[in-house]
Amino acid sequence: MPATDPRPLHGQSAYDALREEIRSGQLRPGTRLTETEVAARLQISRTPVREAIRRLESEGLVEHQPRTGAVIRQLDYSEIMELYEMRCVFESTAARLAARAASDIEIAELREINRDMEAAIATPDRMAALNRLFHRRLLDAARNRFLHSSMASVETTMLILGPTSMESRDRAQAAIGEHDAVIEALSARDGETAERLMRQHMEGAQSERLRMLRDRAGEGTAS
């Protein structure tokens, strides 16, 4: 009879799977990662799991603790505030630069993505994906490679925070309106206004994130 053991996946697949579990909140901060358990759950060999964990560690998503091993990194309050502060700086700068550099086609694409977000408001996962696409396209339109690489580091660390603030319908609806205001500033080639509006947008996202973290902490206390 043919062997029934699953064929080991490439290391990138194990990495992608674990990264997505961190982003979705399935793997929460403080969760221990053991090669045996992860390999069994993903139905792959331990080798790609080991490689994936090492890669996540190099990105700062996983850390090794004495007598515990690999765990999902936890961010304290000050780190979360610093993270959002940098995100606010980078995103608002991207909006200002995009007001000068974005093509009419790029601005039209941002408008279309935002309309797709509005249509997907009842589907948080779809909303979250479109929201990431909106900010990625805005960053592309800024035409600054150094800003792009700096933002990539922030986005990676943001994964530790888990599910997106788009899970809140009220926040999702507000975000769509805030995107619209930024798009209008881009269309007017008003960099100062675009920067200010994006900063306000990021502050709204930060407030919702802190509320989500408080709620999660309350659930942990209750349990």
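Note that the structure is a prediction, hence the values are computed from the model and not measured.

J.: Now, about the overall build of the protein chain: what can you tell me, with residues and values included?
T.: Of regular secondary structure, the protein chain possesses 9 helices and 3 strands. Its helices and strands in sequence order give the protein chain the pattern α-β-α-α-β-β-α-α-α-α-α-α, from N to C terminus. Reported as C-alpha extents along the three principal axes, the dimensions of the protein chain are approximately 65 × 45 × 35 Å. Counting over 223 residues, the protein chain shows a buried share of 42%. Taking the contacts inside the protein chain whose residues are at least 6 apart along the sequence as the reference set, 75% of them involve residues at least 24 apart. One finds the centroid of the 32 positive side-chain charges in the protein chain at a distance of 3 Å from the centroid of its 36 negative side-chain charges.

J.: Before we move on, could you go through the sheet that holds strand S3 (residues 69-72) and cite the residues and values that matter?
T.: Spatially, the 3 strands line up as an open sheet ordered S1-S3-S2, and their pairing is antiparallel. The open sheet terminates on both sides in strands that have one partner only, identified here as strand S1 (32-33) and strand S2 (62-65). Two strands pair when backbone bridges link them, and S1 and S3 are joined in this way by 2 bridges, in the antiparallel orientation. In the sheet register, Arg32 faces S3, and the bridge partner there is Val71. Across the face of the sheet, helix H3 (residues 46-58) comes into contact with S1, S2 and S3 while running at roughly 100° to S2.

About the cut-offs
Residues numbered from 1 in each chain as written. Predicted model: local features only at pLDDT ≥ 70, side-chain atom pairs only at ≥ 80, totals over all residues. Heavy atoms only, no water. Helix = DSSP H or I, 4+ residues; strand = E, 2+ residues; numbered from the N terminus. Buried < 20%, exposed > 50% of the residue type's maximum accessible area, 1.4 Å probe, protein only. Contact = heavy atoms within 4.5 Å. Lys, Arg positive; Asp, Glu negative; His and termini not counted. Charge placed at Lys NZ, Arg CZ, Asp CG, Glu CD. Pairing = 2+ DSSP bridges. Axes fitted to C-alpha atoms, helices over the stretch in contact; angles between N-to-C directions.

Interpretation note: all reported values are geometric properties and have no functional meaning in isolation.
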